[in-house]
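Take a look at the letters that make up each chain.
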Amino acid sequence: MSISENLNKIKATLPENVKLVAVSKFKPNSDLLEAYEAGQKDFGENYVQELVQKAEDLPKDINWHFIGHLQSNKVKYIAPFVHLIHSVDSLKLLKEINKQAQNNNRIIDCLLQIHIAEEETKTGLSQNEFLQILEENILNEPPNVNVIGVMGMSTFTDDKNQVKQEFKSLNESFLAAKNLKPELKEVSMGMSGDYLLAIQEGSTMVRIGSTIFGSR
Ligand SMILES: *Cc1c(COP(=O)(O)O)cnc(C)c1O
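Our subject in this report is the structure included herewith. Just so we're clear, the structure is a prediction, and the values are computed from it rather than from any experiment. (Residues numbered from 1 in each chain as written. Predicted model: local features only at pLDDT ≥ 70, side-chain atom pairs only at ≥ 80, totals over all residues. Heavy atoms only, no water.)

### Focus on the overall build of the protein chain
Here is step 1 of the chain: The number of helices and strands found in the protein chain is 9 helices and 8 strands.
Here is step 2 of the chain: Here the C-alpha radius of gyration of the protein chain, 17 Å, is about what a compact globule of 216 residues would show, namely 17 Å.
Here is step 3 of the chain: For the protein chain, the spread of C-alpha atoms along the three principal axes comes to 50 × 45 × 30 Å.
Here is step 4 of the chain: Classification of the 216 residues of the protein chain by burial places 50% in the buried group.
Here is step 5 of the chain: Residue pairs at least 24 apart in sequence account for 58% of intrachain contacts in the protein chain once pairs closer than 6 positions are excluded. (Helix = DSSP H or I, 4+ residues; strand = E, 2+ residues; numbered from the N terminus. Rg over C-alpha atoms; globule rule 2.2 N^0.38 Å. Buried < 20%, exposed > 50% of the residue type's maximum accessible area, 1.4 Å probe, protein only. Contact = heavy atoms within 4.5 Å.)

Okay, here's the thing in structure tokens:
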């Protein structure tokens, strides 16, 4: 099947309130353009250099989502144009995003990434760190970052029940955080293998790569 057929098939399964981020890491510009021409405007990338190059080469009305681990010293490269950073996993990083957003006269939307998987390798904040950062962010109101929700990645496993519990816990963190900051609105969870489950558990944003573009 073609990229546009894959996209349409996925879109037909998404409720209206769920946004599709097409994850295009390692894929050539021609693949992204095919998705773009089929109406896809939101793309997710994991690597700063790759993202900067693609943003330069591709249409300017694309919304670029940064979804990979972000080092503080690289924020400056994406700050001029990034649409949403999904993977904020420290206060230090949030402060750097604020600083670079100020330098660019922008307000950058961010999600706080929470650790929900059992694997140690998947990064993210613990429940406590998450609430601390959120409280600090609300109290000190860094003026140029806007935390609008949470992001998480489930364990890579066939155990659907485990994945479901992990998504449930992320949504619970989101709901608890909404008590502190009612404007929170996004729950970024769900990838090719588990996005339908994620939607059942409250996802508002799914990040799908291989089901659209083929395996990497
Ligand atoms: C690669 C990646 C995805 C997409 O994964 P697929 O299984 O190809 O859909 C989603 N989220 C993050 C953070 C990723 O790194």
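### Here's the deal with the packing of aromatic side chains
Here is step 1 of the chain: Using the criterion set out here, one finds 2 aromatic pairs in the structure.
Here is step 2 of the chain: Measuring from centroid to centroid gives 5.6 Å for F26 and Y47, while their planes differ by 25 degrees, and the two rings are stacked. Of the two residues, F26 sits in the loop between β1 (19-23) and α2 (29-37) while Y47 sits in the loop between β2 (42-45) and α3 (48-57), which places them 21 residues apart along the sequence.
Here is step 3 of the chain: Relative to W64, the ring of F43 has its centre 6.0 Å away and its plane inclined at 40 degrees; by these criteria the two rings are tilted. Taken as a pair, F43 in strand β2 and W64 in strand β3 (residues 63-66) lie far apart in primary sequence, 21 residues in all.
Here is step 4 of the chain: Given the relative accessible area of 0%, F43 is considered buried.
Here is step 5 of the chain: Of note, K41 hangs over the ring of Y36, and the distance from its end group to the ring centre comes to 4.9 Å. (Phe/Tyr/Trp six-rings, centres within 6.5 Å; stacked < 30°, edge-to-face > 60°. Lys NZ or Arg CZ within 6 Å of the ring centre and 35° of its normal.)

### Structural notes on the side chain of S203
Here is step 1 of the chain: Residue position: S203 is located in the loop between α8 (195-200) and β8 (205-208).
Here is step 2 of the chain: Given a relative accessible area of 3%, S203 falls into the buried group.
Here is step 3 of the chain: Within polar-contact distance, the side chain of S203 engages the backbone oxygen of V187 at 3.5 Å.
Here is step 4 of the chain: Apart from residues lying up to four places away in sequence, S203 is in contact with V18, V187, M189 and A198. (Polar contact = N/O pair within 3.5 Å; in protein donor to acceptor, adjacent residues only side chain to side chain.)

### What to know about the pairing of β1
Sheet faces and side chains relate simply in a regular strand, where the side chains alternate between the two faces.
Here is step 1 of the chain: Of all 5 residues in β1, 4 are buried, a share of seventy percent or more.
Here is step 2 of the chain: Here β1 runs beside β8; their pairing, made up of 4 bridges, is parallel. Bridge pairing in β8 places A22 opposite I208.
Here is step 3 of the chain: Where the polypeptide runs from β1 across α2 and back to β2, its parallel neighbour, the crossover connection is right-handed. (Pairing = 2+ DSSP bridges. Right-handed = clockwise from strand over helix to strand, strands pointing away.)

### Thoughts on the environment of G152
Here is step 1 of the chain: Relative to the elements of secondary structure, G152 occurs in the loop between β6 (145-151) and α7 (160-180).
Here is step 2 of the chain: Residue classification places G152 among the buried residues on the basis of a relative accessible area of 0%.
Here is step 3 of the chain: Sequence separation of G152 and H86 is 66 residues, and the distance between their C-alpha atoms is 8.9 Å.

### Section: the pattern of salt bridges
Here is step 1 of the chain: Within the structure shown, the criterion is met by 7 salt bridges.
Here is step 2 of the chain: Between K54 and E45 there is a salt bridge whose closest N-O contact spans 2.8 Å. As far as the burial class goes, K54 and E45 line up, both buried.
Here is step 3 of the chain: Where salt bridges share partners, they join E45, E50 and K54 into one cluster. (Salt bridge = Lys/Arg side-chain N within 4 Å of Asp/Glu carboxyl O.)

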